Amino acid sequence: MSISKQELAQGIRFAGQRAVAAGRNCKNWDHQLAHQWTTRDAFTHIAAVAGGAKGLYPLLDAGVLNGFNVDAAAASNQKAIEGLSGKTQDELLAAIIEGHEASAQFVESLDEADLAKVVTLGGYEMSKAELVAQIWIHHPIAHAYEASARWPLL
C-alpha cells in the first residue's frame, strides 16, 4: 500500500518540523561528522532541498535522473551548501520549515493516480509517492539525526 497524498503532505511537514527541532537542540554546528560534512553542512543541505519537490517531481519518470550518479549528486550538494554559506542558523532552520511547507503544498496539488504511478529510478522501483516520501520525509530526518547525534553518551 502506497502512502496517500494526505499522509505524504503531513509527513513532509512533520519531517521539516523534526529536522528543525534537531537543529535547535544541537549546540555545536561545527561538529565534524563521520564524513566530509559538519553538522552545519547537513542542516544547510536539508534547507537547500526542502522546497524542491515542485522542480524534482516531474523528473521522477522523465528518465533524466537515471544518469545522475553519486559524483553528480555530491557536486550538486556541495554547490547548494556553498550557496547558503552566509545564512545564519536561524535562517537555515526557517528555510527548512518554509521549504517543507512549499513541498507539502505542491504535493497536495498532485493527482493521486500520478502519485501511484510506479517508476524505476536507480535502485528504486516504487510509486512516485513513495519516492517523494524517500526524498522529503526519510532523507531530511536521516540527515537531521546524523547531524545532531552525539555518540557515545558518556
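None of the values given here were measured: they were computed from a predicted structure. (Residues numbered from 1 in each chain as written. Predicted model: local features only at pLDDT ≥ 70, side-chain atom pairs only at ≥ 80, totals over all residues. Heavy atoms only, no water.)

Details of the packing of helix α1 (residues 5–25) against helix α7 (residues 128–148)
Axis separation between α1 and α7 bottoms out at 9 Å; the angle between their running directions is 10°. Relative to α7, the element α1 lies roughly parallel. Packed against α1, whose contacting residues are L8, G11, I12, F14, A15, A19 and A22, the element α7 presents A129, V132, A133, W136, I137, P140, I141, A144 and S148 at the interface. Grouping the amino acids of the contact of α1 with α7 by side-chain chemistry returns 14 nonpolar, two polar and no charged. (Axes fitted to C-alpha atoms, helices over the stretch in contact; angles between N-to-C directions. Helix = DSSP H or I, 4+ residues; strand = E, 2+ residues; numbered from the N terminus. Parallel < 35°, antiparallel > 145°, perpendicular 65-115°, else oblique. Contact = heavy atoms within 4.5 Å. Nonpolar A, V, L, I, M, F, W, Y, C, P; charged D, E, K, R; others polar.)

Quick look at the environment of D71
Looking at where D71 falls in the secondary structure, it is placed in helix α4 (residues 70–83). Separated by 51 residues in sequence, D71 and V20 place their C-alpha atoms 28 Å apart.

Concerning the pattern of salt bridges
Summed over the entire model, instances satisfying the criterion amount to six salt bridges. Notably, a salt bridge pairs D61 with K128, separated by 3.1 Å at the nearest N-O pair. Residue D61 is located in the loop between α3 (53–56) and α4, and its partner K128 is located in helix α7; the two are separated by 67 residues in the primary sequence. By relative accessible area, K128 is classed as buried at 2%. For the salt bridge of K128 with D114, the shortest nitrogen-to-oxygen distance reads 2.9 Å. Of this pair, K128 sits in helix α7 while D114 sits in helix α6 (residues 112–116); the two residues are 14 residues apart in sequence, bridging distant segments of the chain. Of the residues examined, D114 reaches a relative accessible area of 25% and is grouped as partly exposed. Put simply, D61, D114, K117 and K128 are held in one network by salt bridges that share partners. (Salt bridge = Lys/Arg side-chain N within 4 Å of Asp/Glu carboxyl O. Buried < 20%, exposed > 50% of the residue type's maximum accessible area, 1.4 Å probe, protein only.)

With respect to the pairing of strand β1 (residues 118–121)
Covered by surrounding structure in β1 are V119 and L121 only, the residues V118 and T120 on the alternate face being uncovered. Sheet topology note: the β1/strand β2 (residues 124–127) ladder contains four bridges and is antiparallel. Residue pairing across strands places L121 opposite Y124, the latter belonging to β2. (Pairing = 2+ DSSP bridges.)

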